[in-house]
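Understanding the architecture of this molecule
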Number of protein chains: 2
Amino acid sequence: MKHTLSVLLQNKPGVLSRVTGLFSGRGFNIESLSVNETLDPGISCLVLVTSGDSTIIEQITKQLHKLIDVIKVSDMNEVDYVEREMAIIRVKAEANTRAEVLRIADIFRGKVVDVSPKSYALEVTGAADKIQAVIDILRPIGIQEIVRTGTIAIARAKKK
Amino acid sequence: MKHTLSVLLQNKPGVLSRVTGLFSGRGFNIESLSVNETLDPGISCLVLVTSGDSTIIEQITKQLHKLIDVIKVSDMNEVDYVEREMAIIRVKAEANTRAEVLRIADIFRGKVVDVSPKSYALEVTGAADKIQAVIDILRPIGIQEIVRTGTIAIARAKKK
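The text that follows walks through the structure, step by step, so that each part is easy to find. (Residues numbered from 1 in each chain as written. Chains lettered and ligands numbered in written order. Predicted model: local features only at pLDDT ≥ 70, side-chain atom pairs only at ≥ 80, totals over all residues. Heavy atoms only, no water.)

1. Quick notes on the overall build of chain A
For the record, the criterion: Helix and strand definitions here come from DSSP, where helices need a minimum of 4 consecutive H or I residues and strands a minimum of 2 consecutive E residues; each element is numbered from the N-terminal end. Partly exposed describes any residue whose relative accessible area lies between the buried limit of under 20% and the exposed limit of over 50%, with all areas from a 1.4 Å probe on protein chains only and scaled to the type maximum. Whether two residues touch is decided by their heavy atoms; if any such pair falls within 4.5 Å, the residues are in contact. Only the protein chains shown count as cover for residues, with accessible areas throughout obtained via the Shrake-Rupley method and a probe of 1.4 Å. Counting rule for charge: Lys and Arg are taken as positive, Asp and Glu as negative, and neither His nor the chain ends is counted. Every charge is mapped onto a representative atom, which is NZ of Lys, CZ of Arg, CG of Asp or CD of Glu.
Looking only at helices and strands, chain A has four helices and nine strands in total. Element order for chain A, N to C, with α for helix and β for strand: β-α-β-β-α-β-β-α-β-β-α-β-β. Dimensions along the principal axes, computed over C-alpha positions, put chain A at roughly 60 × 40 × 35 Å. Considering chain A as a whole, with its 160 residues, one finds that 52% of them fall into the buried category. By sequence separation, contacts in chain A at least 24 residues apart represent 73% of the contacts at least 6 residues apart. When the accessible surface of chain A is split by element, carbon and sulfur atoms take 52% of a total near 7,200 Å². Positive and negative charge centroids in chain A, built from 22 and 19 side chains respectively, lie 2 Å apart.

In structure tokens:
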């Protein structure tokens with residue numbers, strides 16, 4: 001089962017390495033990971049996506065809590081949340097395909113972030129399955145490069 | 001000096017931990033990091049931002065090359081590149097501030113990704129300084145939570 005964990009940690013050298021080490025020590029692969037500053041530059045927020053048995057994820061969560069520089073761990077699967085990632089996709093765009101690439105960009109509300117005579121680089125955001133849909137539809141045109149951020153997640157606010 | 005490194009690596013448990021360990025072993029802090037699959041699910045692309053002396057970055061780059069699961073390392077500072085990150089920012093949005101929050105979202109081409117009677121969550125993309133500008137302008141209204149992806153980067157294509 002896919003798990004999305006959100007971890008608040010001290011922004012210090014070595015913390016990230018210890019967190020990722022806990023996963024690899026158990027043979028768990030991290031499918032995607034994002035880490036950056038929060039409002040407080042001394043604290044970072046890390047979001048990671050991993051697949052695996054819930055019992056083991058629970059054990060890892062407990063071990064994360066024990067790390068001195070870890071402030072908070074949330075298993076997003078336990079709450080209602082929004083998840084998003086961003087991809088920059090460089091796709092072949094020559095005379096005969098440019099219009100189609102722009103149409104696709106428009107449909108998925110993407111933005112062109114770099115242009116050359118032979119390619120466009122598109123920025124697209126959305127849940128992982130939307131990003132995958134864009135990739136699948138652009139693939140026959142010719143994808144030259146993809147860079148994706150890790151997934152990030154935020155708990156939904158109470159609706160009343 | 002700020003350095004943005006782009007690293008292609010085998011998508012296996014432990015690789016991420018070894019890469020981040022190289023930085024912490026030298027007391028280097030990673031300011032932001034993103035890792036996710038590429039077109040080939042067996043290969044991940046990792047982008048990280050760190051600050052430090054160029055000589056030491058060069059040493060780390062050489063050590064990265066020696067890791068068996070590292071396929072390619074690019075120091076983006078050596079090329080012309082586009083960098084982007086995404087943030088989801090939850091900001092207070094009550095009767096008297098909703099219009100202003102939406103105006104700001106509109107100016108920065110943000111999208112509202114979650115709504116409650118008391119807050120909006122905005123998705124914003126851009127270079128790190130643009131994200132910082134959005135944060136600075138929303139801060140007086142009341143930011144409740146921020147989650148940011150790591151910065152990702154792609155080399156610009158040749159213009160002719």
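2. As for the packing of helix H1 (residues 15–24) of chain A against helix H2 (residues 54–66) of chain A
Residue and element names in this part refer to chain A. To keep it simple, the criterion reads: An axis is simply a line fitted to the C-alpha atoms; with a helix, the fit covers only the stretch in contact. Between two such axes, the angle follows the N-to-C directions and lies from 0 to 180 degrees. Small angles under 35 degrees read as roughly parallel and large ones over 145 as roughly antiparallel, with 65 to 115 read as roughly perpendicular and the rest as oblique. Handedness of a crossing is defined here by the sense of rotation of the near helix relative to the far one, left-handed for an anticlockwise turn of less than a right angle and right-handed for a clockwise turn. Polar here means any residue outside two lists: the nonpolar Ala, Val, Leu, Ile, Met, Phe, Trp, Tyr, Cys and Pro, and the charged Asp, Glu, Lys and Arg; Gly therefore counts as polar.
Interhelical geometry of H1 versus H2 gives an angle of 155 degrees and a closest axis separation of 10 Å. Classed by the angle they form, the pair H1 and H2 counts as roughly antiparallel. Crossing of H1 against H2: the hand is right-handed. Seen from H1, the contacting residues are Val19, Leu22 and Phe23; seen from H2, they are Ile60, Gln63 and Leu64. Residue composition of the contact of H1 with H2, by class: five nonpolar, one polar and no charged.

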